[in-house]
Amino acid sequence: MVEPSAYLLLSAILFGIGVVGVVARKNVLIILMSVELMLNGVNVAFVSAGSYLGDATGGVFAFMVMTVAAAEAAVGLALLIALYRLKETIDITELRILKW
Amino acid sequence: MVNGILDSLWLVPALPLLGVVLNGAIALFAERPLLLKQAGLPLAGGHGSHDVAHGASSASGGHGHGDTTGGHHETPFYRKLVALIAPGVIGAAFVVALLCVLSLAARPAEGRTFVQILFPWIQAGSFLAPVGFQLDPLSAVMALVVTGVGFLIHVYSVGYMSHEPAFARYFVYLNLFMFAMLTLVLANNYLLMFVGWEGVGLCSYLLIGFWYEKQSAADAGKKAFIVNRIGDFGFILAVFLIFWTFGTVSYTEVFAKVPLLSHSGVLTTGLATAITLLLFLGATGKSAQIPLYIWLPDAMEGPTPVSALIHAATMVTAGVYMVARSSALFLLAPDTMMVVAVIGAATAIFSATIGICQTDIKRVLAYSTVSQLGYMFLACGVGAFTAGIFHLMTHAFFKALLFLGSGSVIHALSGEQDMRKMGGLRKYIPITYFTMFVATLAIAGIPGLSGFFSKDEILWQSFSSSHGSPVLWVIAAAAAGITAFYMFRLVFLTFYGESRMDPEVEKHVHESPWTMTLPLSILAVLSVIGGWVGIPAVLGGSNLFEHWLAPVFQPVAAAGAHAAAAGAHGAEGAAHHPAALEIGLMALSVGIALCGIGLAYFLYRVRTGKPEEIAKRWPTLYDVVFHKYYIDEIYEWAVVQRIVSGSVWLWEMFDALFVDGLVNGIADIVRAAGDRVRRLQGGVVGGYAFSLLAGAVFLLGYILYWSVVQ
């Protein structure tokens, strides 16, 4: 039996890598992937907590998050393509129009 | 209707208003396009047709020009229409006013107050100011003088202004003036009177500046308007005080409450003095008294019939009418009465002396008007309101005639106003000469003519009344002598002696058309007989005029006696003077007037070089009088410059520095703050994500920290 804290540590590491990816990378595609990584880190925490507590709710939430993640990936990629057609770049530092 | 013709009283001011509307339409749609076309200007304010009209007028420019020069020989139809409408409505108003007054006269003396309320105008709480007209003996005199003299001057204007391009505009203003003036005299409350008061002021401004292309005319209009503002400010404050004291502004209610409130101590002498002094301030502005008389001589820049109508016969007498109307209040304030009498007498003699040295024919008459208005105020100040109104009426006749006569002279001389370039006109324009001579006799106070009766009534009252004093009589009599002198100087310089005209002008001298000479003749007749309604009892007359006005002033006189009883003089003091004294003073004043005439004859007919000698002997004195005692310059220095420099200070220190500094300062602070905060939104998505993260971490840490601490 692996310690529950190990699962949570894995979850935190995955989430942290995702956060760093979102904040530090310039490529929008990589950022989207990093967001997926964060979501999956959360999923690990849900599933392990559900298993540890013997409660199905954790698993259900994990599926819920996956569904949202799938939808988000679809929408995010669609936006990305539209953005590329418009600006011919997916470098986040070039996309500075989001300001007053 | 029970009141018969009196119910048509509203027509008296309404008819001139109709004239304004009709003539206004003609001026706007017939005359203005024509004048603009002649000036080669496009029609301003047109919608889509702007370019079209412009193109058309420039394309057919030559043709249009030929058209207008051809049209000069024949009077355009619209001008004939205006010449018919403008005097027509005033004539109709005169007829209605006359019928109303006759119907009023048929009533018993104490029932001669007719009030017609048309509709409520301002209503707020207990305050009600209706649009209503009141016809009583006092307003009846005013209405008849205004419409009667006004009608004659309208007829005269048709002839005098016949060469004027802006013919319709002139009559719009003139009719508008009549409407405002009749509103002023017929109003049944102070607030509506104020509307008329402002209305005549506006028309005065418009008509003084009628030839606005001329800088001096535009300036004179502004001067008149601004000086009048000072007086109007006093008037409106007085109206506020009246409402505050009496709770109403209508004449009948105010005067009915006067005895009650003065008994109960609400209307103290101090309060009455404040109200009447403010009213009198208004009167000094409108009626050109010291210290606000300076605008009237400059007002001569307007067309001469305007000077006759507005600045001699009607508008400038509005102050006298207002003081007489408020006589019940004035009699409660002996201090104000004294101020009125002293200002009146001082103005009478002061402006008369200025009149001696003027060379412009109209300016002599202007100073004469100021002087005669001083007489009227002197009469009011000594409590002889009847005499004041009587002189107002006779003055309207002979002064209107003098102005119209001078207009006829100016017309004959193609615009020359300088008396030094006249002379010997008697044989060229005999009708003008004769009528003006009659008016001059009247104003000089030659027995039998209108001016004699009214002026002598004032002189006698200023001597004998309980408010009067011999000093006032001496001043007024001296002013009468000076008046006779400068008026005959005017006649001698203009009509007698060798011609001093420019040869070019002399060729064109002509007697005026009948539209001008007929009003002159009618006014000449009135100048002779106008005084016969007020022949005093001591000369065997019945003084109808005094009896006619008695219902207006009699209850007032009773109240005045009550107030005066506290003073040293009894009201009956007047009755103690013997008839011999009255006759004697009368003879003395006639003697003074004859001396004035004799002196004028000596200086300007016998020894014509003498006036210049006198001027050379006392150059300083002559200079000071010739420059009107430098009053304009003193005002310029003491008032205008102070106000200008004060305004500049306020502009630079308060407006530019304080107000603008406050507004701009706040704007600067907001902009600087925005400049800092702006940097937070750099548009870099990573930055936003990082702040999101930082916020989340901070919140999480905060919550965890507190949950651990607790």
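Keep in mind that what you see is a predicted model, and the values were worked out from it rather than measured. (Residues numbered from 1 in each chain as written. Chains lettered and ligands numbered in written order. Predicted model: local features only at pLDDT ≥ 70, side-chain atom pairs only at ≥ 80, totals over all residues.)

**Some remarks on the overall build of chain B**
Next, step 1: In terms of regular secondary structure, chain B is built from 28 helices and two strands.
Next, step 2: Put simply, chain B has 710 residues, and 48% of those count as buried.
Next, step 3: Pairs at least 24 residues apart make up 81% of the contacts formed inside chain B by residues separated by at least 6 positions. (Helix = DSSP H or I, 4+ residues; strand = E, 2+ residues; numbered from the N terminus. Buried ≥ 20, exposed ≤ 12 C-beta atoms within 10 Å, placed from the backbone. Contact = placed C-beta atoms within 7 Å.)

**Examining helix 1 (residues 4-24) of chain A**
Next, step 1: Spanning 21 residues, helix 1 of chain A covers 30 Å between terminal C-alpha atoms, matching the ideal 30 Å at 1.5 Å per step.
Next, step 2: As for helix 1 of chain A, its buried residues are in contact with helix 2 (28-53) of chain A together with helix 28 (685-709) of chain B. (Expected span 1.5 Å × (residues − 1).)

**Some thoughts on the nonpolar core**
Next, step 1: Ranked by internal contacts, the top residues of the largest apolar core, which has 217 residues, are B:Phe177, B:Leu378, B:Ala400 and B:Ala476.
Next, step 2: Apart from residues lying up to four places away in sequence, B:Leu378 is in contact with B:Ala341, B:Gly344, B:Ala345, B:Ala348, B:Ile458, B:Ser462, B:Leu472 and B:Ala476. (Core = buried A, V, L, I, M, F, W, Y, C linked by C-beta atoms within 7 Å.)

**A word on unusual backbone geometry**
All names here are of chain B.
Next, step 1: Following Ile290, the chain continues into Pro291 via a peptide bond in cis, with omega recorded as 10°.
Next, step 2: A positive phi is found at Lys628, a non-glycine position, where the angle reads about 55°.
Next, step 3: Counting through the fold element by element, Lys628 comes out in the loop between helix 26 (619-626) and helix 27 (631-678).
Next, step 4: For Lys628, a count of 20 C-beta atoms within 10 Å corresponds to the buried category.
Next, step 5: Positive phi is not limited to glycine here, since Tyr630 has a value of about 55°.
Next, step 6: Mapped onto the elements, Tyr630 comes out in the loop between helix 26 and helix 27.
Next, step 7: You can call Tyr630 exposed: it has 12 C-beta atoms within 10 Å.

**As for the pairing of strand 2 (residues 127-135) of chain B**
Residue and element names in this part refer to chain B.
Next, step 1: Across the nine residues of strand 2, seven count as buried, placing the element largely inside the fold.
Next, step 2: Pairing of strand 1 (residues 114-124) with strand 2, which is carried by nine bridges, proceeds in the antiparallel orientation. Across the sheet, Phe114 pairs through a bridge with Leu135, a residue of strand 2.
Next, step 3: Connecting the antiparallel pair strand 1 and strand 2 is a turn made up of two residues, with Gly125 showing a positive phi of about 65°. (Pairing = 2+ DSSP bridges.)

**Notes on the packing of helix 13 (residues 318-325) of chain B against helix 16 (residues 361-381) of chain B**
Residue and element names in this part refer to chain B.
Next, step 1: Look at helix 13 against helix 16: their axes get within 10 Å of each other, and the N-to-C directions meet at 5°. By the criterion of interaxial angle, the relationship of helix 13 to helix 16 is roughly parallel. Counting all contacts with helix 13, which are made through Val320, Val323 and Ala324, the residues of helix 16 involved are Leu373, Met376, Phe377 and Cys380.
Next, step 2: Per-class residue counts for the contact of helix 13 with helix 16 are seven nonpolar, no polar and no charged. (Axes fitted to C-alpha atoms, helices over the stretch in contact; angles between N-to-C directions. Parallel < 35°, antiparallel > 145°, perpendicular 65-115°, else oblique. Nonpolar A, V, L, I, M, F, W, Y, C, P; charged D, E, K, R; others polar.)

**Some thoughts on the confidence of the model for chain B**
Residues and elements named next belong to chain B.
Next, step 1: With 92% of its residues at a pLDDT of at least 70, chain B reaches an overall mean of 87.
Next, step 2: Scored below 50 in pLDDT, residues 45-72 makes eleven contacts in the model with residues more than four places away or belonging to other chains.
Next, step 3: Every residue in residues 559-574 is under pLDDT 50, and counting partners more than four places away or in other chains gives 22 contacts.
Next, step 4: Across the interfaces of the predicted complex, the ipTM metric reaches 0.82, alongside a pTM of 0.78. (pLDDT = per-residue confidence, 0-100.)

**Examining helix 13 of chain B**
Next, step 1: Taken across its eight residues, helix 13 of chain B has eight buried, putting it largely inside the fold.
Next, step 2: Burial in helix 13 of chain B covers these residues: B:Ala318, B:Gly319, B:Val320, B:Tyr321, B:Met322, B:Val323, B:Ala324 and B:Arg325.

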